[in-house]
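Given next are the chains, with one letter for each unit.
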Amino acid sequence: EADIYQTPRYLVIGTGKKITLECSQTMGHDKMYWYQQDPGMELHLIHYSYGVNSTEKGDLSSESTVSRIRTEHFPLTLESARPSHTSQYLCASSESVGGYSEAFFGQGTRLTVV
Amino acid sequence: QKEVEQNSGPLSVPEGAIASLNCTYSDRVSQSFFWYRQYSGKSPELIMSIYSNGDKEDGRFTAQLNKASQYVSLLIRDSQPSDSATYLCAVSRNYGGSQGNLIFGKGTKLSVKP
């Protein structure tokens, strides 16, 4: 079944640790996105990718970095986690068909930095 | 002016009534519009997409688009308690390097009372 997967679902980690949030999709989509969402707040685009070796920063400045070495995989890394990074991180993917592309979301990773 | 604006609610309707959710957007040349449903603590789930002026119906859901007024709405007929969630309006950017990226409103929280 075509889907988009995120791991871990929940992560509690200490300040200063390096973390990688995983996102994989089996939908065959070219475009992938990372959004950040605080409780009760709107989604903010922090990174996106049009395909392999393509990564761009989104609207919200983020200290995280991303890579796209394989079409299906779009991990997000924080080199040194801080409490201000506590949030929900949502990965999404869509076909790259001009502007008519529906985006589908993974289940999200809820990150808490203590 | 925010790119996508929604009344945050909460919107409360009795079971069986019609719920009407509204959204305005600022980019006059936007071409793609989406409604997502997000339950508390979960990721957004696509429920409707609309690209042309007029109405689009899918089961109990009807999306309405008026590009001249830069307005998109979602009607939920025969509302059920299980429809209680936050409804996110999303608009696809149609310019420059971020073409196709979805920009989300803050969402409208809907509560359907039994």
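These remarks concern the structure in this document. Since the structure is predicted, the reported quantities are computational estimates derived from the model, not experimental observations.

1. Notes on the sheet that holds strand E7 (residues 61–66) of chain B
Residue and element names in this part refer to chain B.
Okay, so step 1: If you walk across this open sheet you meet the five strands as E1-E3-E8-E7-E6, and the pairing is antiparallel. Across the chains shown, the open sheet's two edge strands, defined by having one partner strand only, are strand E1 (4–6) and strand E6 (54–58). Direction aside, neighbouring strands of the sheet carry axes that sit 20° apart on average.

2. Regarding the pairing of strand E11 (residues 109–113) of chain A
Residues and elements named next belong to chain A.
Okay, so step 1: Alternating residues of E11 divide into Thr-109, Leu-111 and Val-113, all buried, and Arg-110 and Thr-112, none buried.
Okay, so step 2: Summarising the sheet, strand E2 (residues 10–13) and E11 pair through four bridges and their orientation is parallel. Within E11, the position partnered with Leu-11 by the bridge is Leu-111.
Okay, so step 3: Summarising the sheet, strand E9 (residues 87–94) and E11 pair through three bridges and their orientation is antiparallel. Bridge pairing links Ser-87 to Leu-111 in E11.

3. Overview of the interface of chain A and chain B
Okay, so step 1: Residue-level contacts link 23 residues of chain A with 26 residues of chain B.
Okay, so step 2: When the two sides are added together, the surface that chain A and chain B hide from each other amounts to roughly 2,000 Å², 45% of it contributed by carbon and sulfur.
Okay, so step 3: Counting every contact that joins chain A to chain B gives zero salt bridges.
Okay, so step 4: The tally of links from chain A across to chain B stands at six residue pairs in polar contact (both at pLDDT 80 or more).
Okay, so step 5: Where the side of chain A that touches chain B is concerned, the elements lending two or more residues are strand E4 (31–37), strand E5 (43–49), E9 and strand E10 (104–105) of chain A.
Okay, so step 6: The greatest single-element share of the side of chain A that touches chain B, amounting to four residues, is contributed by E4 of chain A.
Okay, so step 7: Looking at the side of chain A that touches chain B residue by residue, the class counts come to 11 nonpolar, seven polar and five charged.

4. Brief notes about unusual backbone geometry
Okay, so step 1: Here the amide bond leading from Thr-7 of chain A into Pro-8 of chain A is cis, since omega sits at -10°, within 30 degrees of zero.
Okay, so step 2: Residue Pro-10 of chain B follows Gly-9 of chain B across a cis peptide bond; omega there is 10°.
Okay, so step 3: By secondary structure assignment, the location of Pro-10 of chain B is in the loop between E1 and strand E2 (11–14).
Okay, so step 4: A positive phi angle, near 65°, is found at Asn-53 of chain A, a position not held by glycine.
Okay, so step 5: Among the structural elements, Asn-53 of chain A can be located in the loop between E5 and strand E6 (56–57).
Okay, so step 6: Judged by relative accessible area, Asn-53 of chain A falls into the exposed class, the value being 68%.
Okay, so step 7: You will see that Gln-70 of chain B, though not glycine, has its phi angle at about 55°, which is positive.
Okay, so step 8: In this structure, Gln-70 of chain B sits in the loop between E7 and strand E8 (71–76).
Okay, so step 9: Residue class for Gln-70 of chain B comes out buried when judged on its relative accessible area of 11%.

5. Considerations on the packing of aromatic side chains
Okay, so step 1: By the definition in use, this model includes nine aromatic pairs over all chains.
Okay, so step 2: When the ring of Phe-105 of chain A is compared with that of Phe-104 of chain B, the centres are 5.9 Å apart and the planes differ by 65°; the resulting orientation is edge-to-face. Here Phe-105 of chain A is found in strand E10, whereas its partner Phe-104 of chain B is found in strand E10 (residues 102–104) on a different chain.
Okay, so step 3: In this structure Phe-105 of chain A comes out as buried when scored by relative accessible area, which is 10%.
Okay, so step 4: According to the relative accessible area criterion, Phe-104 of chain B is buried, its value standing at 3%.
Okay, so step 5: Residues Phe-34 of chain B and Tyr-51 of chain B carry aromatic rings whose centres are separated by 6.0 Å and whose planes lie at 80° to one another, so their mutual orientation is edge-to-face. Of this pair, Phe-34 of chain B sits in strand E4 (residues 33–38) while Tyr-51 of chain B sits in the loop between strand E5 (45–50) and E6, and the two are 17 residues apart along the sequence.
Okay, so step 6: The class of Tyr-51 of chain B is partly exposed, set by a relative accessible area of 25%.
Okay, so step 7: Through successive ring pairs, a cluster of aromatic residues spans Tyr-33, Tyr-35 and Phe-105 of chain A together with Tyr-36 and Phe-104 of chain B.

6. Focus on the pairing of E4 of chain B
Residue and element names in this part refer to chain B.
Okay, so step 1: Taking burial as the measure, the six residues of E4 include six buried ones, the bulk of the element.
Okay, so step 2: Alternating positions in E4 separate into two faces, Phe-33, Trp-35 and Arg-37 on one and Phe-34, Tyr-36 and Gln-38 on the other, with burial throughout.
Okay, so step 3: Pairing analysis gives five bridges linking E4 to E5, with the strands arranged antiparallel. When the sheet's bridge partners are listed, Tyr-36 is paired in E5 with Leu-46.
Okay, so step 4: In sequence, E4 turns back onto E5 through a hairpin of six residues, with Gly-41 there showing a positive phi of about 80°.

Parameters and conventions
- Chains are numbered independently. Their residues run from 1 in the order of the written sequence.
- Numbering of ligands from 1 and lettering of chains from A proceed in the order in which they are written.
- Whole-chain, interface and lining totals are the exception, using all residues; otherwise, since this is a predicted model, local features are given only for residues with pLDDT of at least 70 and side-chain atom pairs are given and counted only at 80 or more.
- To obtain the side-chain values, all non-hydrogen atoms of the structure were used and water was disregarded.
- We treat two strands as partners when DSSP finds at least two bridges between them.
- Comment: elements are numbered from the N terminus, with helices defined as DSSP H or I runs of at least four residues and strands as E runs of at least two.
- Interaxial angle, 0 to 180 degrees, is taken between N-to-C directions of lines fitted to C-alpha atoms, where a helix line uses only the stretch in contact.
- Only protein chains enter the area calculation, which uses a 1.4 Å probe; residues under 20% of their type maximum are buried, those over 50% are exposed, and those in between are partly exposed.
- Contacts are assigned to residue pairs that have any heavy atoms within 4.5 Å of one another.
- Summed over both partners, the accessible area (1.4 Å probe) lost when two parts come together is defined as the buried area.
- By definition here, a salt bridge exists when the distance from a side-chain nitrogen of Lys or Arg to a carboxyl oxygen of Asp or Glu is within 4 Å.
- Polar contacts, as counted here, are pairs of nitrogen or oxygen atoms within 3.5 Å of one another; within protein the pair requires one atom able to donate a hydrogen and one able to accept it, and residues that are adjacent in sequence qualify only if both atoms are side-chain atoms.
- Residue polarity follows a fixed list, in which Ala, Val, Leu, Ile, Met, Phe, Trp, Tyr, Cys and Pro are nonpolar, Asp, Glu, Lys and Arg are charged, and the others, Gly among them, are polar.
- When two rings of Phe, Tyr or Trp (its six-membered ring) have centres within 6.5 Å they constitute a pair, described as stacked for plane angles under 30 degrees, edge-to-face for angles over 60, and tilted for the intermediate range.

As far as function goes, none of this settles anything; it's purely spatial.
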